[in-house]
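# Topology and contacts: notes
Letter by letter, the chains look like this.
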Amino acid sequence: VKECVALRLEGGIQYDGNACSLPPLTVEGLAWAHDFGILDFIHWGLMMFCCGLPAILFRIHARLVEEKISKRKLDEKGQVVEVLRQLASPSTSHMALVFVTSALGGIGGFIYFKQSENWVTLSCLLAALYLHMTSNAFLACVFAGCALYHDVYFLPYIVALAVAYAFNKTSKGISFAVSLFGSLSFATLLHTLSIHWFGAAYLENVYFNQIAHVDLTPDGGLFWYLHTELFDQYRAFFTWIFFILAMCIPSLPLFVLRDEYVGLVVCLNLCALFSPHTMIPGNIVTISLLITLKGLLSLHRYKLITLLSFLLCGLLGPLLWHAWIYTGSANPNFFFSFSVLFNFTWALSSCEFLRCSMVQEHMLNSNSLSQPVWK
């Protein structure tokens, strides 16, 4: 972000390399903020917004779960209702856990790894989720379009938002089309303004570089190391295979779940998991959204494994990064081993929450605390 602003202040961005991967409207806005002396304030403000919003989403989801359970026509004993209500009830301690996890992860990762996280994109994604949960469909489409303007890898999340919007509508097809059209239209409007004012040169540099993985800066993902080691003749094949998977897999949870919030959270985590250029601070904030699914934690089969793996990542990540970057006593293989463990645990936990939501839905439909055979 600072590199893009510096290039803009020195006379404009030519978009002839991968030094800047931000679209021009965002760079122009950040340059104005720099002129007024509030660029650092905006940066830290967006970061704190991203770190604090998961705790607010936790309370909203708990209230919606309460309303969902109250509408069910169950037996007089209400055993299932009472158990699920207690599991999903909001608590101050759990909300504090969500906030502390996202804040320590985001701020700690930013300070130690010194990575320039694009908090603008993550802010737009979380704002779209919050506005959707508070039934503000128009503004949700606006922020979803802004996120798509910055990163094409979150297109499945835009589709998932449209599917979630059509969940409780009578005309599901029309509602889905209207929501998706709204998000895509706003993203198209931003591109039209960018091309009119700054030309079309940014399209290749920003979006082609995202898809082709031109920037191989080490981060918490898996793609930078793979594309460093790949032979040139195989690069195009794996590039398009990964892009197709990233476009298809993340939006699938919304088609098998009845809880739209769980589907959106899992979809956002899968989008960030498949994105080749997400940084560790933003990833930890995204993972903290999984902790907001309090009602599903009791059904999680790998709580201890997940906790120990993330704690091990929290210890190994900074240690191996320091040994590689600062002291030179390690090599990229050491840090990549941390990336493999981190992403495997992340993927396992996301898929497990998907299963837990399906189990809970079965318990509500059958009015029984017994889990289904297919567990």
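Right above here is the structure, for reference.
A brief report on the enclosed structure follows. Counting restarts for each chain, with residues numbered from 1 along the sequence as it is written. Since the coordinates come from a predicted model, pLDDT governs what is reported: local features require at least 70, and pairs of side-chain atoms require 80 or more to be given and counted, while whole-chain, interface and lining totals use all residues. To get the side-chain values, all heavy atoms of the structure are used, and hydrogens and water are removed first.

So, about a nonpolar patch on the surface. Together, Trp 32, Phe 36, Ile 38 and Phe 41 make up an exposed nonpolar region whose accessible area comes to about 540 Å². We count a stretch as a helix when DSSP gives it H or I for four or more residues in a row; a strand needs E for two or more, and each element gets its number in order from the N terminus. Note on placement: Trp 32 falls in helix α2 (residues 24–35). When its relative accessible area of 52% is taken as the criterion, Trp 32 is described as exposed. Patch membership is restricted to residues that have no salt bridge and whose relative accessible area is over 30%. Joining uses 9 Å for like charges and 5 Å for the nonpolar side chains Val, Leu, Ile, Met, Phe, Trp and Tyr. Values of accessible area rely on a 1.4 Å probe in the Shrake-Rupley scheme; residue burial ignores everything except the protein chains shown. By convention in these notes, a salt bridge is any Lys or Arg side-chain nitrogen within 4 Å of a carboxyl oxygen on Asp or Glu. For every residue, the accessible area obtained with a 1.4 Å probe (protein chains only) is divided by the maximum for its type, and the residue is called buried under 20%, exposed over 50%, and partly exposed between those limits.

In this section: the nonpolar core. Buried residues of nine kinds, namely Ala, Val, Leu, Ile, Met, Phe, Trp, Tyr and Cys, make up a nonpolar core once their side-chain atoms join them within 4.5 Å. Formed by 81 residues in total, the largest nonpolar core has its most connected members in Leu 126, Leu 129, Tyr 157, Tyr 261, Leu 264, Leu 289 and Leu 293. Core analysis: the next-biggest nonpolar cluster, separate from the first, contains eight residues, Cys 20, Leu 22, Ala 33 and Leu 39 among them.

Glancing now at the packing of helix α15 (residues 280–291) against helix α17 (residues 332–366). Simply put, an axis is a line fit to the C-alpha atoms, just over the touching stretch for a helix, and the angle between two N-to-C directions goes from 0 to 180 degrees. Between α15 and α17, whose axes approach to 11 Å, the crossing angle comes to 25 degrees. Accordingly, the angle class assigned to the pair α15 and α17 is roughly parallel. Once α15 is placed against α17, the crossing between them reads as left-handed. Here Ile 280, Asn 283, Thr 286, Ile 287 and Leu 290 of α15 come into contact with α17, specifically with Phe 335, Phe 338, Phe 342, Trp 346, Ser 349, Ser 350 and Phe 353. Working definition: roughly parallel below 35 degrees, roughly antiparallel above 145 degrees, roughly perpendicular at 65 to 115 degrees, and oblique for all remaining angles. Crossing handedness is read from the near helix: turned anticlockwise from the far helix by less than a right angle, it gives a left-handed crossing, and turned clockwise, a right-handed one. The contact criterion used throughout is that any non-hydrogen atoms of two residues lie within 4.5 Å.

Let us now look at the state of the cysteines. Disulfides are defined in this document as cysteine sulfur pairs within 2.5 Å. In this structure the tally under the stated criterion is zero disulfides. Considering cysteine sulfurs only, Cys 50 is the nearest to Cys 51, which forms no disulfide, with 6.8 Å between them. Accessibility expressed as a relative area gives 0% for Cys 51, which makes it buried.

This paragraph deals with the packing of aromatic side chains. Aromatic rings from Phe, Tyr and Trp, with only the six-membered ring used for Trp, were paired whenever their centres fell within 6.5 Å, and each pair was classed as stacked if the ring planes differed by under 30 degrees, edge-to-face if by over 60, and tilted otherwise. Across all of its chains, the model carries 16 aromatic pairs by this definition. Between Trp 224 and Phe 335 the ring centres are 6.3 Å apart and the planes differ by 40 degrees, which places this aromatic pair in the tilted class. Here the residue Trp 224 occupies a position in helix α11 (residues 223–229), and Phe 335 occupies one in helix α17, the gap between them amounting to 111 residues. In terms of burial, Trp 224 and Phe 335 fall into one category: buried. With centroids separated by 6.0 Å and ring planes inclined at 40 degrees, the aromatic side chains of Phe 238 and Phe 242 adopt a geometry described as tilted. Highlighted residues: Phe 238 and Phe 242, both in helix α12 (residues 232–248), separated by four residues, approximately one helical turn. Accessibility expressed as a relative area gives 28% for Phe 238, which makes it partly exposed. Put simply, the rings of Trp 224, Phe 310, Trp 321, Trp 324, Phe 335, Phe 336, Phe 338, Phe 342 and Trp 346 touch in pairs and so form one group of aromatic residues.

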